[in-house]
Amino acid sequence: MQKILKSAAAIFTAMLMVFSCTSLSVRADDGVNVTLNNMPATFEQKPRIINGRTMVPLRSACGVLGIELYWDASSNTAYLSSGDIKASHRSGTTSINVNGSVTSYDTASRIIAGRIFMPLKMLADMVGAKADYVKASNTVALTYDLGGYSVTVGSKTVTTGDNVTKVKSAFGEPQRISPTAYAYEWYSYGAGTDSFVLIGMLDGLVRAFYTNAKTFSYNGSVKYGDMIPADKSDKLTFFTDKFNGNKVYAVYVNQCKYEPSGYTSSFAVKSAGEELTVADLTNTFRFNYGVSACAYSNDVAKVAKKHSADMADNNYFAHSDLNGGTSLSRLKAANVFLKSCSENIAGGNMSAVMTFDQWVNTETHRQAMLKPEFTHIGVGIAYNSASNLKYYYTQSFINASK
């Protein structure tokens, strides 16, 4: 069994520990609206006004502002990062340490309905966002520069911070909108062609994008086939292909940090979106090498899903199941017509783009993805918190030509 690769950027979370604080009565009418760049921002719990200050749930506020969060339950401390900005805040206090400089505010963070709420201004100041209160609509309007990340695919360009109207004006209606492991939804365009791009939309704004199309150009400089540049950030990843001289084959920008509880609580819906994303990435990869796209087969996907679930539930990682079944025997048992088949499996990564990169950089996996004889693809993802790898992917290919 080949060694399972780990994602270079692992994001950790832990259970939040309740701490004692001054008891406050918070009424339903203490709520306040929050917008980001004139678009309504979404929170897991509604922001509140407490002692005249806007308080927001820490976890989802970090998602809105693109802040990476690591919670240390042993010290009740939130460690926050965004690019070169590193900060820490101990729950129940009024201060935050940003890059070694401590700033105090007049309101402490606190527990509300089992979630930690922090002063919005504390987080806004950390990343340099401007916050204005609009009394007429009871709204805190955040202004935050989400730009700086831009990709052109063919003749069309998308930049983080673009609104949905601008995206649709440039790219048209998406071929598919699918949920992801993150807070954003993928707007999929041109899968299996040289114009393929995934655009991550959250609250009407572009917060992510991915493309492995040969025509892409990142920020007008880095292109498909270039050597990897030196400048990278926690929100930017260039994927490279070790079988093609370690040249860049894809670019991924993600301003929304992964929250496991948000993914696993809606796993059936969100993983279905990630499964279709795997197919999009694979068909574009095939296009780049002059191979025809595979049609998506729900029947094949059901077999793949069942094998992933079996691995997750029984804590093993192998092509052969515990009854000695193989990919071929499982497909035949499901009455799937085929002339030949192949199967890729992966574990340990929750996202489609990270898992796909594992397969691109493993010889036997990429060979399966690039076989011209295959006509159909199906993908299945499973999760089990008690298993060693947590996330299990199965990608099945068949030749169903008559």
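Residues numbered from 1 in each chain as written. Predicted model: local features only at pLDDT ≥ 70, side-chain atom pairs only at ≥ 80, totals over all residues. Heavy atoms only, no water.

Some words on helix α1 (residues 58-65)
Line of reasoning, step 1. The buried fraction of α1 amounts to seven of the eight residues, a majority that puts the element mostly inside the structure.
Line of reasoning, step 2. Directly beyond the C-terminal end of α1, a positive phi value near 70 degrees is found at Gly66. (Buried < 20%, exposed > 50% of the residue type's maximum accessible area, 1.4 Å probe, protein only. Helix = DSSP H or I, 4+ residues; strand = E, 2+ residues; numbered from the N terminus.)

Some thoughts on empty space enclosed by the protein
Line of reasoning, step 1. Counted under the stated rule, the structure contains two cavities of 30 Å³ or more.
Line of reasoning, step 2. Each pocket or cavity is described by its volume, and for the largest cavity that value is around 40 Å³.
Line of reasoning, step 3. Considering the residues around the largest cavity, the lining is formed by Thr180, Tyr182, Tyr184, Trp186, Tyr252, Glu274, Thr277, Ser351, Ala352 and Val353.
Line of reasoning, step 4. Split by residue class, the lining of the largest cavity holds six nonpolar, three polar and one charged.
Line of reasoning, step 5. If you add up the space inside the second largest cavity, you get close to 30 Å³.
Line of reasoning, step 6. In terms of lining, the second largest cavity is formed by Val303, Ala304, His307, Ser327, Arg330, Leu331, Glu343, Thr394 and Ser396.
Line of reasoning, step 7. When residues of the lining of the second largest cavity are traced back to their parent elements, those giving at least two are α6 (298-314), α7 (327-333) and β27 (391-399).
Line of reasoning, step 8. For the lining of the second largest cavity, a count of residues per class yields three nonpolar, four polar and two charged. (1 Å grid on protein atoms, 1.4 Å probe; cavity = no way out; pocket = protein on both sides within 12 Å on 5 of 7 lines; lining within 4 Å. Points joined across faces, edges and corners; volume = space filled by probe spheres on them. Nonpolar A, V, L, I, M, F, W, Y, C, P; charged D, E, K, R; others polar.)

Examining the sheet that holds strand β11 (residues 115-119)
Line of reasoning, step 1. Read across the sheet, four strands follow the order β3-β4-β11-β10 without closing on themselves; strand pairing throughout is antiparallel. Of all strands in the sheet, those with a lone pairing partner are β3 (48-50) and β10 (110-112), marking the two edges. When the angles between neighbouring strand axes are averaged without regard to direction, this sheet yields 45 degrees.
Line of reasoning, step 2. Relative to β11, strand β4 (residues 53-57) runs antiparallel, the two sharing three bridges. Bridged to Pro57 within β11 is Phe117. (Pairing = 2+ DSSP bridges. Axes fitted to C-alpha atoms, helices over the stretch in contact; angles between N-to-C directions.)

Notes on the side chain of Thr77
Line of reasoning, step 1. Structurally, Thr77 can be placed in strand β6 (residues 77-82).
Line of reasoning, step 2. Setting aside anything within four residues of it in sequence, one finds Thr77 in contact with Tyr70, Trp71, Asp72, Ser88, His89 and Arg90. (Contact = heavy atoms within 4.5 Å.)

Overview of the pairing of β4
The two faces of a sheet get side chains in turn, since along a regular strand they alternate between them.
Line of reasoning, step 1. Buried residues dominate β4, accounting for four of its five residues.
Line of reasoning, step 2. Inspection of the sheet shows β3 paired to β4 by three bridges, in the antiparallel sense. By the bridge assignment, Arg48 is partnered in β4 with Met55.
Line of reasoning, step 3. Connecting β3 to the antiparallel partner β4 that follows it, the hairpin turn spans two residues, and Asn51 within it adopts a positive phi of roughly 55 degrees.

Considerations on α6
Because an α-helix packs 3.6 residues into every turn, residues spaced three or four apart end up facing the same way.
Line of reasoning, step 1. With 17 residues, α6 should cover 24 Å at 1.5 Å per step; its first-to-last C-alpha distance of 24 Å lies within 8% of that length.
Line of reasoning, step 2. Within α6 the residues assigned to the buried category are Val300, Ala301, Val303, Ala304, His307, Ser308, Met311 and Ala312.
Line of reasoning, step 3. The inward-facing, buried residues of α6 contact β24 (295-296), α7, β25 (340-347), β26 (376-383) and β27.
Line of reasoning, step 4. Immediately downstream of α6, the backbone of Asn315 shows phi near 55 degrees, a positive value. (Expected span 1.5 Å × (residues − 1).)

A look at unusual backbone geometry
When glycine is set aside, most residues are seen to have a negative phi, and most peptide bonds are trans.
Line of reasoning, step 1. One non-glycine residue, Ala113, lies in the positive phi region at around 50 degrees.
Line of reasoning, step 2. Looking at the secondary structure, you find Ala113 in the loop between β10 and β11.
Line of reasoning, step 3. You will see that Asp203, though not glycine, has its phi angle at about 55 degrees, which is positive.
Line of reasoning, step 4. Topologically, Asp203 is positioned in the loop between β18 (197-202) and β19 (205-211).

Focus on the packing of aromatic side chains
Line of reasoning, step 1. The tally for this structure, following the rule as stated, stands at 18 aromatic pairs.
Line of reasoning, step 2. Seen in terms of ring centroids, Tyr210 and Tyr252 are 6.1 Å apart; in terms of plane orientation they differ by 65 degrees. Their pairing is edge-to-face. Here the residue Tyr210 occupies a position in strand β19, and Tyr252 occupies one in strand β23 (residues 247-254), the gap between them amounting to 42 residues.
Line of reasoning, step 3. Using a relative accessible area of 4% as the deciding quantity, one classes Tyr252 as buried.
Line of reasoning, step 4. Joined through ring pairs, the aromatic side chains of Tyr182, Tyr184, Trp186, Tyr210, Phe239, Tyr249, Tyr252, Phe285, Tyr289 and Phe356 make up one cluster.
Line of reasoning, step 5. For the cation-ring pair, Lys402 lies above Phe337, with the distance from its terminal atom to the ring centre recorded as 4.6 Å. (Phe/Tyr/Trp six-rings, centres within 6.5 Å; stacked < 30°, edge-to-face > 60°. Lys NZ or Arg CZ within 6 Å of the ring centre and 35° of its normal.)

Structural notes on the sheet that holds strand β14 (residues 150-153)
Line of reasoning, step 1. What the four strands build is an open sheet, ordered β15-β14-β20-β21; its pairing is antiparallel. Each edge of the sheet is formed by a strand with only one pairing partner; in this case those strands are β15 (156-159) and β21 (222-223).
Line of reasoning, step 2. Here strand β20 (residues 216-218) runs beside β21; their pairing, made up of two bridges, is antiparallel. Its bridge partner lying in β21, Tyr218 is registered against Val222.

Here we look at the pattern of salt bridges
Line of reasoning, step 1. Applying the stated rule across the entire model yields 12 salt bridges.
Line of reasoning, step 2. The salt bridge partner of Arg176 is Asp280, with a shortest N-O separation of 2.6 Å. Placement of the pair is Arg176 in strand β16 (residues 176-179) and Asp280 in helix α5 (residues 267-288), with a sequence separation of 104 residues.
Line of reasoning, step 3. A residue is classified by how much of its surface remains accessible, and Arg176, at 21% relative accessible area, is partly exposed.
Line of reasoning, step 4. Residue Asp321 pairs with Arg330 through a salt bridge whose shortest N-O separation is 3.3 Å. Neither residue differs from the other here; Asp321 and Arg330 are each classed as buried.
Line of reasoning, step 5. Among the charged side chains, a salt-bridge network with shared partners connects Glu44, Arg59 and Arg115. (Salt bridge = Lys/Arg side-chain N within 4 Å of Asp/Glu carboxyl O.)

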